[in-house]
Amino acid sequence: MPFFTFYRALKPRKGATPGATFLRGMLLLAVFAVVAVLYQRHFAKTMDRINTRSTVYDTTGAMTPEQRDAIRDFAAALKQEFGIELRIQVREGAPTLPETDAKTLFIGLDLAGGEATIILPPLLERALDPGFVRRLREEHFAPFFARGDWPLGLSLALRDLWQELEAMRAPAGAKP
């Protein structure tokens, strides 16, 4: 015998009008619809969290959870807007370089050596201004490593990259 059946829930009660029975049935359906929508939203958020979990790999433990979450949110926006995957490694040594592909942007930070390794997707590297790419790879992180404020340098590098991508997307005559 099932614990709950629709027949029992929708069965007219003694003295109940047809309108009350109808309203009761609609409220029951509304409860199921709300639960389904909430479950779907929870599932989507959980899948986003799982998909962006590999975005930040920090072996030093120097990043706060808020910083990691902010970078994961940025990575999700970068993927949604431009189709570019973001991978970041923070280590006390040389980062392990990933296999290059046409859609992954890699930023590896060596905290002990004070060096940054940036691998851009080939199409993106050709599309961006060569001066910007050179400055990002060779000059951007040096002052931040010297001050010990590399998280700020990382966030500013990501911001500058976003602005360059937005400028490329804007029409030729429009100013951002």
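See the structure printed just above.
Described below are features of the structure shown in this document. (Residues numbered from 1 in each chain as written. Predicted model: local features only at pLDDT ≥ 70, side-chain atom pairs only at ≥ 80, totals over all residues. Heavy atoms only, no water.)

1. A short note on the overall build of the protein
Here's step 1: Each helix and strand in the protein was counted, giving seven helices and four strands.
Here's step 2: Written out in order from the N terminus, the α and β elements of the protein read α-α-β-α-β-β-β-α-α-α-α.
Here's step 3: Within the protein, the proportion of its 176 residues that are buried is 28%.
Here's step 4: Intrachain contacts of the protein at a sequence separation of at least 6 include 39% that bridge at least 24 residues.
Here's step 5: In the structure as shown, the protein presents an accessible area of about 11,800 Å², 61% of it carried by carbon and sulfur atoms. (Helix = DSSP H or I, 4+ residues; strand = E, 2+ residues; numbered from the N terminus. Buried < 20%, exposed > 50% of the residue type's maximum accessible area, 1.4 Å probe, protein only. Contact = heavy atoms within 4.5 Å. Areas by Shrake-Rupley, 256 points an atom, 1.4 Å probe, with all protein chains shown as cover.)

2. Side note on the nonpolar core
Here's step 1: Leu 86, Ile 107, Leu 109, Phe 141 and Leu 154 are the most contacted members of the largest nonpolar core, which totals 30 residues.
Here's step 2: Residue assignment for this core shows that the elements contributing at least two residues are α3 (65-82), β2 (85-91), β3 (104-110), β4 (115-119), α5 (130-138) and α7 (150-169).
Here's step 3: Considering every element that reaches this core, the biggest residue donor is α7, with six residues.
Here's step 4: Discounting residues that sit within four places of it in the chain, Phe 141 has contacts with Ile 107, Leu 109, Ala 116, Ile 118, Leu 136, Gly 153, Leu 154 and Ala 157. (Core = buried A, V, L, I, M, F, W, Y, C linked by side-chain atoms within 4.5 Å.)

3. Things to note about the packing of aromatic side chains
Each pair of aromatic rings is reported with the distance of its centres and the angle of its planes.
Here's step 1: Scanning all chains against the criterion turns up four aromatic pairs.
Here's step 2: Consider the rings of Tyr 39 and Phe 43, whose centres lie 6.3 Å apart with planes at 20°: the pair is stacked. Of this pair, Tyr 39 and Phe 43 both sit in helix α2 (residues 18-52), four residues apart, which is roughly one turn of that helix.
Here's step 3: Ring pairs connect the aromatic residues Phe 74, Phe 82 and Trp 162, which therefore count as one cluster. (Phe/Tyr/Trp six-rings, centres within 6.5 Å; stacked < 30°, edge-to-face > 60°.)

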